Amino acid sequence: DLHSFPTRRSSDLGNSQLRWTETIPTVQDYLDLRIATGMGAKPKEVAERALANSLYMICAYQGQRLVCFARIAGDGALSYIINSVMVAPEFQGQGLGKALMQAISDWLIANADPSAYVCLMAKEPADRLYQKFSFQAIPGNIGMRWIKP
């Protein structure tokens, strides 16, 4: 349940100038941050459904502007995927990615069974951040994605 995780204080997550929340951002805020971070556009209705079906998310705002975001999707039992880890370009290098991943890690520790498969796709050099949170490349495996025919 998205709302079952205890709310954090801003001071727990780094930059105290930001307002942190574990609630769903507006679809437009999410889409704007995707564009700003180079993750690309998505259809509004697809983004709305994705956000609504998330297991957990963490956001930070400067005023009314969404400046960082991450979410967990999955079945809530065996499979989890860390998705849409984004920090607006002008906020990068300030520890916000680390704060997002700490919140994600804390949620997984509290909610995921140790036998669960938790995965993410990482672009270099972000993989170094994820390694700090117990993620590692799987030898002999490659990342793959489905492309609709």
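What counts as what
- Per chain, residues are indexed from 1 in the order of the written sequence.
- Two thresholds apply to this predicted model, a pLDDT of at least 70 for residue-level local features and 80 or more for giving and counting side-chain atom pairs, whereas whole-chain, interface and lining totals are computed over all residues.
- As a rule here, side-chain values come from all non-hydrogen atoms in the structure, and water together with hydrogens is ignored.
- Think of it this way: any DSSP run of H or I at least four residues long counts as a helix, any run of E at least two long counts as a strand, and we number them from the N terminus.
- Here the term buried applies to any residue with accessible area under 20% of the maximum for its type, exposed to any over 50%, and partly exposed to those in between, with areas from a 1.4 Å probe on protein chains only.
- Whether two residues are in contact is decided by their heavy atoms: any pair within 4.5 Å suffices.
- Calculation of accessible area relied on Shrake-Rupley with a 1.4 Å probe; when residues are assessed, cover is drawn exclusively from the protein chains displayed.
- Remark: nonpolar core denotes a set of buried residues (Ala, Val, Leu, Ile, Met, Phe, Trp, Tyr, Cys) joined through side-chain atoms within 4.5 Å.
- Known as pLDDT, the predictor's per-residue confidence is scaled from 0 to 100.
- The pairing criterion is simple: DSSP has to find at least two bridges between the two strands.
- Helix axes use the C-alpha atoms of the stretch in contact, all axes being lines fitted to C-alpha atoms, and the angles between their N-to-C directions lie in the range 0 to 180 degrees.
- Oblique is the label for every angle not falling under 35 degrees (roughly parallel), over 145 degrees (roughly antiparallel), or within 65 to 115 degrees (roughly perpendicular).
- Note on residue categories: nonpolar means Ala, Val, Leu, Ile, Met, Phe, Trp, Tyr, Cys or Pro, charged means Asp, Glu, Lys or Arg, and polar means any other residue, Gly included.
- Definition used for salt bridges: Asp or Glu carboxyl oxygen within 4 Å of a side-chain nitrogen of Lys or Arg.

Helix and strand counts for the protein stand at 4 helices and 5 strands. Traced from its N-terminal end to its C-terminal end, the protein shows the element sequence β-α-α-β-β-β-α-β-α. Expressed as a percentage of its 149 residues, the buried residues of the protein come to 37%. Across the protein, contacts joining residues at least 24 apart in sequence account for 60% of those joining residues at least 6 apart. Roughly 9,200 Å² of accessible area belongs to the protein as shown, and the carbon and sulfur atoms make up 53% of that amount.

What follows covers the nonpolar core. Membership of the largest hydrophobic core comes to 40 residues, with the highest contact counts inside it found for Trp20, Phe69, Ile72, Tyr80, Ile82, Ile104 and Leu108. For this core, the secondary structure elements donating two or more residues are α1 (27-36), α2 (44-52), β2 (56-62), β3 (65-74), β4 (79-87) and α3 (96-111). If one sorts the elements of this core by residue count, α3 sits on top with 8 residues. Those residues within four positions of Ile82 in sequence are excluded, and the remaining contacts are Arg71, Ile72, Met101, Ile104, Leu108, Val118, Cys119, Leu120 and Phe135.

With that out of the way, let us pick up the confidence of the model for the protein. Across the protein, pLDDT averages 85, with 87% of residues at or above 70. At the low end of the mean pLDDT range in the protein sits helix α4 (residues 126-131), at 71; at the high end sits α1, at 97. Long-range and interchain partners of residues 1-12, a stretch whose pLDDT sits below 50, account for 25 contacts in this model, where long-range means more than four residues apart.

On to the sheet that holds β4. Strand order in the open sheet formed by 5 strands is β1-β2-β3-β4-β5, with mixed pairing between adjacent strands. Of all the strands in the sheet, just β1 (19-21) and β5 (117-119) have a single pairing partner and so form its edges. The mean inter-strand angle of the sheet, taken between neighbouring strand axes irrespective of direction, is 10°. Packed onto the sheet, α1 meets β2, β3 and β4 and runs at close to 100° relative to β3. Sheet contacts for α3: β1, β2, β3, β4 and β5; angle to β4, the most-contacted strand, approximately 160°.

Turning to the packing of α1 against α2, a few remarks are in order. The interhelical angle for the contact between α1 and α2, taken along N-to-C directions, is 105°, at an axis separation of 10 Å. Of the possible angle classes, the one that applies to α1 and α2 is roughly perpendicular. Every residue of α2 that contacts α1 at Val27, Gln28, Tyr30 and Leu31 is listed here: Lys44, Ala47, Glu48 and Leu51. Residue classes in the contact of α1 with α2 are distributed as 5 nonpolar, 1 polar and 2 charged.

Once that is clear, we can look at the pattern of salt bridges. Summed over all chains, the structure comprises 1 salt bridge. One salt bridge in this structure joins Glu90 and Arg65, with 2.4 Å as the shortest N-O distance. Placement of the pair is Glu90 in the loop between β4 and α3 and Arg65 in strand β3, with a sequence separation of 25 residues.

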